[in-house]
Amino acid sequence: MLVLSGGTGTPKLLLGLKQLLGSSDLNVVVNTAEDCWISGNYVSPDIDTVLYTFSGLVDKTKWWGIEGDSFLTHDFLKVLGSTELMALGDKDRAVHIFRSELLRNGRSLSEATMALAKALDVKQRVVPMTDDPVATIITTSEKDMHFQEFWVSKRGEPDVLSVRIEGIKEAQPSPAFLELLHNEESVILGPSNPVTSIGAILALPGVREKLEGMRVIAISPLVGNKPVSGPAAKFMTAWGVPVNDDGVAALLGKLDAFVVSRDSSFLGKCVRMDTLMRTELDCYRLARNIIELCS
Ligand code: GDP
């Protein structure tokens, strides 16, 4: 099974799929357009959440970082007068240091991710969408800013005029992503932000063309026409689509099956399910229904 993922909605589904599928049956291609360097280290938030989900480390209340992590380094940096863009936990930071060392020694993000997966005993295949630098830039009424500055420092408050993924046209899908697109017959677009997570993966050169020849199953990240979390509503409006499943469908393109929540206003061809994942049982139930739909 091939799943395209961001860092919050889809990892919840992956938690369920992990329990139901053998690890060799699960391949996840992850958005990297929210990556950034923080305090000298490369942070790849969506890859980290997917790796932590599979390794059992993820903090399931926030859906980022490691459960029970301490923040000694972050707090002492503050004492020293250095403010970090986001509060990184100590173990989480060790992961970033491990990755950054490999990158500084000339390894690709794909190689660094593979090394991390091995070190964290992750058996599923976790693949960055690209090894090339890409960045989500939000044009707000104040100024242009990186996604993380908009979402973390500014708490998503500024008005959003437009969203762009810098470097995406020049970037290439990673070698493992290309191999999966070649070998797999179907693909699941997970319940992740349709502009900045799934949208970024689909915007890589050649990806939409490859999907034309595959069975595409998408799960909407909206529940009852509203995002469960995150800035999807502002970003969809900036892209000129309505904040509902018609808007999600317009952004995702050709779909063979579109899974929406039971109370969605969508009137087109779709499959209705309970898509809100509040508990592990919810994640497991949705994963089971998606596996049934795919088979
Ligand atoms: P990011 O990379 O952290 O921005 O996270 P994603 O793009 O993976 O996820 C953000 C999206 O996940 C938001 O649009 C949410 O509405 C969606 N999401 C979060 N939790 C759920 C859930 O339980 N069910 C569904 N269907 N979508 C969810």
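Notes on the structure in this doc start here. Being a predicted model, the structure only gives us computed values, none of them experimental.

Some remarks on the packing of aromatic side chains
Thinking step 1. Scanning the entire structure with this criterion turns up 4 aromatic pairs.
Thinking step 2. With centroids separated by 5.1 Å and ring planes inclined at 90 degrees, the aromatic side chains of F258 and F266 adopt a geometry described as edge-to-face.
Thinking step 3. Here the aromatic cluster, defined as three or more aromatic residues joined through ring pairs, consists of F147, F150 and F235.
Thinking step 4. Directly above the ring of W64 sits K62, whose terminal nitrogen or CZ lies 3.9 Å from the centroid.

Considering the layout of surface pockets
Thinking step 1. Size it by volume and the largest pocket reaches roughly 880 Å³.
Thinking step 2. As for the largest pocket, its lining consists of 45 residues, and the residues nearest its centre are G7, T8, W63, W64 and W151.
Thinking step 3. Residue assignment for the lining of the largest pocket shows that the elements contributing at least two residues are α1 (9-20), α2 (45-55), α4 (90-104), α6 (147-153) and β11 (222-223).
Thinking step 4. Per-element tally for the lining of the largest pocket: the top contributor is α2, with 5 residues.
Thinking step 5. Tallied by class, the residues present in the lining of the largest pocket amount to 21 nonpolar, 17 polar and 7 charged.

Some remarks on the site of the ligand
Thinking step 1. S192, N193, S197, P221 and V228 are the nearest of the 21 residues found near the ligand.
Thinking step 2. D46 is positioned such that a nitrogen or oxygen atom in its side chain is 3.0 Å from an oxygen atom of the ligand.
Thinking step 3. Contact between the ligand and S220: a nitrogen atom at 3.0 Å from a main-chain N or O atom of the residue.
Thinking step 4. Relative to its free-state accessible area of 590 Å², the ligand is covered by the protein chains to the extent of 95%.
Thinking step 5. The site holding the ligand turns out to be the largest pocket.
Thinking step 6. Considered class by class, the residues forming the shell around the ligand number 8 nonpolar, 10 polar and 3 charged.

Cut-offs and rules
- Residues numbered from 1 in each chain as written.
- Predicted model: local features only at pLDDT ≥ 70, side-chain atom pairs only at ≥ 80, totals over all residues.
- Heavy atoms only, no water.
- Phe/Tyr/Trp six-rings, centres within 6.5 Å; stacked < 30°, edge-to-face > 60°.
- Lys NZ or Arg CZ within 6 Å of the ring centre and 35° of its normal.
- 1 Å grid on protein atoms, 1.4 Å probe; cavity = no way out; pocket = protein on both sides within 12 Å on 5 of 7 lines; lining within 4 Å.
- Points joined across faces, edges and corners; volume = space filled by probe spheres on them.
- Helix = DSSP H or I, 4+ residues; strand = E, 2+ residues; numbered from the N terminus.
- Nonpolar A, V, L, I, M, F, W, Y, C, P; charged D, E, K, R; others polar.
- Near = heavy atom within 4 Å.
- Polar contact = N/O pair within 3.5 Å; in protein donor to acceptor, adjacent residues only side chain to side chain.
- Areas by Shrake-Rupley, 256 points an atom, 1.4 Å probe, with all protein chains shown as cover.
- Sits in = over half its atoms within 2 Å of the grid points.

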